[in-house]
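Spelled out, the chains give:
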Amino acid sequence: MFAQYVTSIFEFLCMAMLAGVFFGADYSTSFVKNLVYTNGDRKKTYFAKAIVIGIAAFAMHIVTLISVIISNAIFADKLMFNFDGAFFAYFFISLLMLISFALIVGAAVYVTGRGWVGIIVGIIDSCGVISLIAILINLFVNYIFANRLEESFDLNNYYVAGATQQLTLNADGKRVVTTIIVGLVFAALSVLLSIRAANKRDIV
């Protein structure tokens, strides 16, 4: 049930709004102009915010788990726990994806200097718009390379929200490794992009 809730991407929708507001707070209040004079480097502020958003993602994950337990206790005939290795692996991999998603939203904020842009980017992703585009690309690629691909091409495996939806408790090793790599790559790219944007604004 926890996995079903996570794959609904509702957490991502909540995180889109939270991360957009949180990363964009300094820009919306113009406080960002003072950061160069107070700490000399906006990268410090970015990493501090990234740590806080990571903690917030973990707290959101815990709240989600507790909510699932309570709702099942109320509505199900029987409450059964299965906190095995597969569950904990799923918990932390899906947490990685949630943090990576938040950093993507943060990158959109840092590049544009506007919190609402990050929120819109996150909402578009979490509402399945990118997934719909990916499906159309899948159809085109599989049509062009018909019978020449080892398996059907699926772009949804290679971006954060899509990879999260594809991951299940019974996922094989290839799926798990692919999901982890996608999460780490997008997180790293988001951090580098955010730092670069922050440095440019520091020079200005």
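This text follows the structure it describes.
Residues numbered from 1 in each chain as written. Predicted model: local features only at pLDDT ≥ 70, side-chain atom pairs only at ≥ 80, totals over all residues. Heavy atoms only, no water.

(A) Highlighting the overall build of the protein chain. Counting its regular elements, the protein chain contains 9 helices and 0 strands. Order of helices (α) and strands (β) in the protein chain, N terminus to C terminus: α-α-α-α-α-α-α-α-α. By residue count, 40% of the 204 residues in the protein chain fall in the buried class. Taking all contacts inside the protein chain whose residues are at least 6 apart in sequence as the whole, residues at least 24 apart take part in 74%. About 11600 Å² of surface is accessible on the protein chain, with carbon and sulfur atoms providing 70% of the total. (Helix = DSSP H or I, 4+ residues; strand = E, 2+ residues; numbered from the N terminus. Buried < 20%, exposed > 50% of the residue type's maximum accessible area, 1.4 Å probe, protein only. Contact = heavy atoms within 4.5 Å. Areas by Shrake-Rupley, 256 points an atom, 1.4 Å probe, with all protein chains shown as cover.)

(B) Up close: the nonpolar core. Counting residues in hydrophobic clusters, the biggest one holds 33 residues, and the most contacted among them are Phe12, Met15, Phe23 and Tyr46. Where this core is concerned, the elements lending two or more residues are helix 2 (10–28), helix 4 (42–75), helix 5 (85–112), helix 8 (160–166) and helix 9 (173–203). It is helix 5 that contributes the most residues to this core, 10 residues altogether. When residues no more than four places from it in sequence are discounted, the contact partners of Phe23 are Tyr46, Lys49, Ala50, Ile53, Ala102, Leu103, Gly106, Val109 and Tyr110. (Core = buried A, V, L, I, M, F, W, Y, C linked by side-chain atoms within 4.5 Å.)

(C) Representation of the packing of aromatic side chains in the model. Overall, the coordinates contain 17 aromatic pairs when judged by the stated rule. Residues Tyr5 and Phe10 carry aromatic rings whose centres are separated by 6.1 Å and whose planes lie at 75° to one another, so their mutual orientation is edge-to-face. Arranged with centres 6.1 Å apart and planes meeting at 65°, the rings of Phe22 and Phe23 form a pair that is edge-to-face. Put simply, the rings of Phe2, Phe58, Phe81, Phe83, Phe87, Phe88, Tyr90, Phe91 and Phe92 pair up and form one aromatic cluster. Here Lys49 stacks its cationic end above the ring of Phe22, 4.3 Å away from the centre of that ring. (Phe/Tyr/Trp six-rings, centres within 6.5 Å; stacked < 30°, edge-to-face > 60°. Lys NZ or Arg CZ within 6 Å of the ring centre and 35° of its normal.)

(D) Main features of the packing of helix 4 against helix 5. Their axes nearest at 9 Å, the elements helix 4 and helix 5 cross at an angle of 140°. Comparing the axis directions of helix 4 and helix 5 gives the class oblique. Both helix 4 and helix 5 take part in a crossing whose hand is right-handed. Here helix 4 contributes Thr45, Tyr46, Lys49, Ala50, Ile53, Gly54, Ala57, Phe58, Met60, His61, Ile62 and Leu65 to the contact with helix 5, which in turn contributes Phe87, Phe91, Ser94, Leu95, Leu98, Ile99, Ala102, Leu103 and Tyr110. (Axes fitted to C-alpha atoms, helices over the stretch in contact; angles between N-to-C directions. Parallel < 35°, antiparallel > 145°, perpendicular 65-115°, else oblique. Left-handed = near helix turned anticlockwise from the far one by under 90°.)

(E) Expanded view of the packing of helix 5 against helix 6 (residues 115–126). With their axes 7 Å apart at the nearest point, helix 5 and helix 6 run at an angle of 145° to one another. For the pair helix 5 and helix 6, the sense of crossing is right-handed. From helix 5, Phe101, Val105, Ala108, Val109 and Thr112 reach across to helix 6, where they touch Gly115, Val117, Gly118, Ile119, Val121, Gly122, Asp125 and Ser126. For the contact of helix 5 with helix 6, the class distribution of residues is 7 nonpolar, 5 polar and 1 charged. (Nonpolar A, V, L, I, M, F, W, Y, C, P; charged D, E, K, R; others polar.)

(F) Geometry of helix 6. In this model, helix 6 (12 residues) spans 17 Å end to end at C-alpha, consistent with the 16 Å of a helix rising 1.5 Å per residue. Within helix 6, burial applies to Gly115, Val117, Gly118, Ile119, Gly122, Asp125 and Ser126. (Expected span 1.5 Å × (residues − 1).)

(G) Here's a closer look at unusual backbone geometry. In this model, Ile9 sits at a positive phi of 65°, which is unusual for a non-glycine residue. Along the chain, the position of Ile9 falls in the loop between helix 1 (2–7) and helix 2. Exposure remark for Ile9: the relative accessible area of 3% places this residue in the buried category.

(H) Here's a closer look at a nonpolar patch on the surface. Together, Trp116, Ile120, Ile124, Val129, Ile130, Ile133 and Ile137 give the surface a local cluster of nonpolar side chains, amounting to about 590 Å² of exposed area. Of all the elements in the fold, those that place two or more residues in the nonpolar patch are helix 6 and helix 7 (129–144). The greatest single-element share of the nonpolar patch, amounting to 4 residues, is contributed by helix 7. Inspection of the secondary structure assignment puts Trp116 in helix 6. The exposed category is assigned to Trp116, whose relative accessible area is 53%. (Patch = residues over 30% accessible without salt bridge, like charges linked within 9 Å, V, L, I, M, F, W, Y side chains within 5 Å. Salt bridge = Lys/Arg side-chain N within 4 Å of Asp/Glu carboxyl O.)

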